[in-house]
Amino acid sequence: MDAGMERECSALGGLFQTIMNDMKASYPTWEDFISKAAKLQSQLRTTVIVTSTFLDAFQKIADMAINTRGATKEIGSALTRMCMRHRSIESRMKQFTGILTDSLINPLEVKIEEWKKVASQMDKDHAKEYKKARAELKKKSSDTLKLQKKAKKGKDSVLVQLDSALQDVNE
């Protein structure tokens, strides 16, 4: 096999290995991201629970103000409206927490395991196919060299075979 083809073959094999190594090196980063997202989801869930209990207590104060006589009814109504607005924020936080789990954390956890398996299989398949292709190329190259030597000796019947072999090697 000539040096140009050897370099080209090695370059392509090296490129594939570089890509595979980059993929393998990214796993800890993805796992860290998933871990941090799970912590965020846990903290948000805790925040939603604490917010809910706070708003329950706040609503009791608003109800107490509404049930008294005088101008505090107006204050109680304002506090109730404020509490309702904060309940909608609490609802959004619950929704965000659910979406974070269902649409980000869980799918990524499943996919990262799948990615690891697929990458490992691709690496094995590539190694096998790369060795096979190199061996095939070396054989065709050596066959071509033999035919070239025969052609130099003056055997005209070999020229057709030589042209065909050269096309095989160059493809």
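Look a little higher up for the structure.
Description of the structure in this document.

Parameters and conventions
Residues numbered from 1 in each chain as written. Predicted model: local features only at pLDDT ≥ 70, side-chain atom pairs only at ≥ 80, totals over all residues. Heavy atoms only, no water. Helix = DSSP H or I, 4+ residues; strand = E, 2+ residues; numbered from the N terminus. Buried < 20%, exposed > 50% of the residue type's maximum accessible area, 1.4 Å probe, protein only. Contact = heavy atoms within 4.5 Å. Areas by Shrake-Rupley, 256 points an atom, 1.4 Å probe, with all protein chains shown as cover. Salt bridge = Lys/Arg side-chain N within 4 Å of Asp/Glu carboxyl O. Patch = residues over 30% accessible without salt bridge, like charges linked within 9 Å, V, L, I, M, F, W, Y side chains within 5 Å. Phe/Tyr/Trp six-rings, centres within 6.5 Å; stacked < 30°, edge-to-face > 60°. Lys, Arg positive; Asp, Glu negative; His and termini not counted. Charge placed at Lys NZ, Arg CZ, Asp CG, Glu CD.

**Brief notes about the overall build of the protein**
What the protein contains, in helices and strands, is three helices and zero strands. The linear arrangement of helices and strands in the protein, starting from the amino end, is α-α-α. For the protein, buried positions account for 22% of its 171 residues. Restricting to contacts in the protein with at least 6 residues of sequence separation, those with at least 24 account for 71%. For the protein, the accessible area works out to roughly 12,500 Å², and carbon and sulfur atoms hold 60% of it.

**Some points on the pattern of salt bridges**
If you walk through the whole model with that rule in mind, you get seven salt bridges. The residue D123 makes a salt bridge to K24 at a minimum N-O spacing of 2.9 Å. Within this pair, whereas D123 is found in helix α2 (residues 72–152), its partner K24 is found in helix α1 (residues 3–66), the two being separated by 99 residues in sequence. For K24, a relative accessible area of 36% puts it in the partly exposed group.

**Quick look at a nonpolar patch on the surface**
A cluster of nonpolar residues, L12, L15 and I19, forms a patch on the protein surface that exposes about 300 Å² of accessible area. Of note, L15 is situated in helix α1.

**Overview of the packing of aromatic side chains**
Per the counting criterion, the structure on display carries three aromatic pairs. Pairing W30 with F33 gives two aromatic rings, centres 6.4 Å apart and planes at 90°, and the pair type is edge-to-face. With a gap of three residues between them, W30 and F33 both fall in helix α1, about one helical turn apart. Classification of W30 by relative accessible area gives partly exposed; the value is 35%. Judged by its relative accessible area of 40%, F33 falls in the partly exposed class. Taken together, a centroid distance of 5.7 Å and an interplanar angle of 65° make the contact between W30 and W115 edge-to-face. Of this pair, W30 sits in helix α1 while W115 sits in helix α2, and the two are 85 residues apart along the sequence. On the basis of relative accessibility, which here comes to 33%, the residue W115 falls in the partly exposed class. In this structure an aromatic cluster arises from ring pairing among W30, F33 and W115.

**Focus: the environment of T97**
By secondary structure assignment, the location of T97 is in helix α2. Among the residues examined, T97 registers a relative accessible area of 7% and is labelled buried. When the C-alpha positions of T97 and R45 are compared, they lie 6.6 Å apart, and in sequence the two are 52 residues distant. For T97, the residues in contact, after removing those within four places along its chain, are Q41, L44, R45 and V48.

**What about a positive patch on the surface?**
On the surface, K146, K149, K150, K152 and K153 cluster together into a positively charged patch. Turning to its location among the elements, K146 is positioned in helix α2.

**Considering the side chain of D123**
Taking the relative accessible area as the measure of exposure, D123 reaches 17% and is therefore buried. Those residues in contact with D123 that sit more than four places away from it in its chain are F16, Q17, M20 and K24.

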